[in-house]
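Structure at a glance
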Amino acid sequence: MRALPPLETFLLQSPDSTQSAQVTDLIAQIKRRAAQPGAAITPIHTAISESVVDDTELRLSIKTWEPPGVDDSKPSVSAGLVCPEGQVISEAGAGVKQLVDDISNFAAIEDLVHENVDELGNAITRETRHYNYLAEISEAKPGYLEVQEHRTEHGEVPQFPDNMISNGFPTLAFLFHPAMWANFEFSCEGMGELNGKAMWLVHFRQREDRPTRIQDFKIGSMIYSINLKGRAWITPDKFQIVRIESDLVKPMPNIQLLTEHQIVEYGPVRAPKKNAELWLPKSADLYFDFRKHRYHRRHSFDHFMLFLTDSQEKYAGPKGAPSISTQSPEKR
């Protein structure tokens, strides 16, 4: 019943919200559950195992704490403007391929804000971390891309909030690499805008008949493939990927991963030796419902240092890469 006060407050403060009906239904569900026989006499100190009560449907009905899904709120597009879908996807893919070809690794300063949130997205707990970040990009053979990510914290093996490591923000854009096209369904939705600038909007979805090669979720020694759908914002002149949002194709109750919404913003980083700009992740917001907890993480990257493939400079990464215990999930 602790969930009721914030939900009732939401209705009082936002009676005309489009989510009011959904919140009203949720309050009714919570009250019905509390009114079930035996519910009132449960001792307050009794600990109920997470695996005993399946509240998947209830948790999925709560949408007030995270941004709308990519298929729940489609951005508006210009009427009558035909998208050159093939060119947009091809040119965006060429830019991603150029990035992979040009960079062997890059370093940055990473700031992390990690929040455990309630049903309305209010932070219950909040932690911050600062890391020295290094990403190594390789292509062992044509079409097989890999990014190894390393972090240190004050020169030591880093600590991660709630024992969860979130990686893979550079690789999300790799779904536009020509080697990955066959694994996704792409659809150019039209000309929209982002921050007042015109952008092509491209929707993508993992094909069920193709292998999943973009993201997985690691829990101990077990690895679970993640199928993604989402939308990319691409500039109409140079076809640079500026923003990507993604969701799970469907919930994964077998590992209690019910939602995962990513918002990654990319920006130009100057590469003087090649007289070019390379687009790398500048920020990433991650919202996910895992093991009956709701989390929001924001990663911010700055002070980039690029190491190009034709450079003789080498970077010695952290000597003690953190190991993941059997109880610690790793999202990557």
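Preceding this section is the structure that the text describes.
A quick note: this is a predicted structure, and the numbers were derived from the prediction, not measured.

Attention now goes to the overall build of the protein. Scanning the protein for helices and strands turns up four helices and 14 strands. Relative to its 332 residues, the protein shows a buried fraction of 47%. In the protein, 63% of the contacts between residues at least 6 apart in sequence involve partners at least 24 apart.

Right, let's talk about the packing of aromatic side chains for a bit. For the coordinates displayed, the defined rule picks out 10 aromatic pairs. On the numbers, 6.4 Å between centres and 80° between planes, the contact of F176 with F204 is edge-to-face. Taken as a pair, F176 in the loop between strand 4 (165–166) and strand 5 (184–194) and F204 in strand 6 (residues 197–206) lie far apart in primary sequence, 28 residues in all. Of the aromatic side chains, those joined through ring pairs into one cluster are F106, Y133, F301 and F304. We note R151 situated over the ring of Y131; from NZ or CZ to the ring centre the distance is 5.9 Å.

Judged by pairing direction, the sheet is antiparallel, and its 10 strands sit side by side in the order 3-2-1-13-12-11-10-9-6-5 without closing on themselves. Each edge of the open sheet carries a strand with a single partner, namely strand 3 (144–152) and strand 5. Taken pair by pair, the neighbouring strands of this sheet meet at an average axis angle of 20°, ignoring direction. When strand 10 (residues 241–248) meets strand 11 (residues 257–271), the two strands line up antiparallel, connected through four bridges. By the bridge assignment, S246 is partnered in strand 11 with Q262.

Inspection of the entire model under this criterion finds one disulfide. Note that C83 is cross-linked by a disulfide to C188, the S-S spacing being 1.8 Å. Of note, the bridge from C83 to C188 carries an S-S torsion of about 85° and is right-handed in sense. A residue pair is termed long-range when its members are at least 10 positions apart, and C83 in the loop between helix 3 (56–60) and helix 4 (85–102) and C188 in strand 5 qualify at 105 residues. In terms of burial, C83 and C188 fall into one category: buried.

Right, let's talk about the environment of I255 for a bit. Among the secondary structure elements, I255 is positioned in the loop between strand 10 and strand 11. I255 gets classed as buried once you look at its relative accessible area, which sits at 6%. When the C-alpha atoms of I255 and F217 are compared, they prove to be 9.4 Å apart, with 38 residues separating the residues in sequence. With residues up to four places along the chain from it excluded, the contact list for I255 reads F217, I219, Y224 and F290.

On to unusual backbone geometry. Glycine aside, residues mostly have negative phi angles, and peptide bonds mostly take the trans form. Notably, N195 is not glycine yet its phi reads approximately 55°, a positive angle. Position of N195 relative to the elements: it lies in the loop between strand 5 and strand 6. Judged by relative accessible area, which is 72%, N195 ranks as exposed.

Quick look at the pairing of strand 12 (residues 276–290) now. Of all 15 residues that make up strand 12, 11 are buried, and the element is covered over most of its length. Taken together, the 14 bridges between strand 11 and strand 12 define a ladder with antiparallel strand orientation. In the sheet register, H261 faces strand 12, and the bridge partner there is Y287. Taking the residues between adjacent antiparallel strands as the criterion, strand 11 and strand 12 are bridged by four residues, where N275 takes a positive phi near 50°. Pairing of strand 12 with strand 13 (residues 293–308) involves eight bridges; the strand directions are antiparallel. Across the sheet, residue D285 finds its bridge partner in strand 13, namely R298. Here strand 12 hands over to strand 13 after two residues, with R291 in that stretch at a positive phi of 50°.

Of all 10 residues that make up strand 6, seven are buried, and the element is covered over most of its length. As judged from the 10 bridges shared by strand 5 and strand 6, these two strands associate in the antiparallel manner. The partner of G192 across the bridge, within strand 6, is M199. What sits between the antiparallel neighbours strand 5 and strand 6 is a turn of two residues, in which N195 has the positive phi angle 55°. Relative to strand 9 (residues 228–234), strand 6 is paired through six bridges, and the arrangement is antiparallel.

The rules behind each value
Residues numbered from 1 in each chain as written. Predicted model: local features only at pLDDT ≥ 70, side-chain atom pairs only at ≥ 80, totals over all residues. Heavy atoms only, no water. Helix = DSSP H or I, 4+ residues; strand = E, 2+ residues; numbered from the N terminus. Buried < 20%, exposed > 50% of the residue type's maximum accessible area, 1.4 Å probe, protein only. Contact = heavy atoms within 4.5 Å. Phe/Tyr/Trp six-rings, centres within 6.5 Å; stacked < 30°, edge-to-face > 60°. Lys NZ or Arg CZ within 6 Å of the ring centre and 35° of its normal. Pairing = 2+ DSSP bridges. Axes fitted to C-alpha atoms, helices over the stretch in contact; angles between N-to-C directions. Disulfide = S-S within 2.5 Å.

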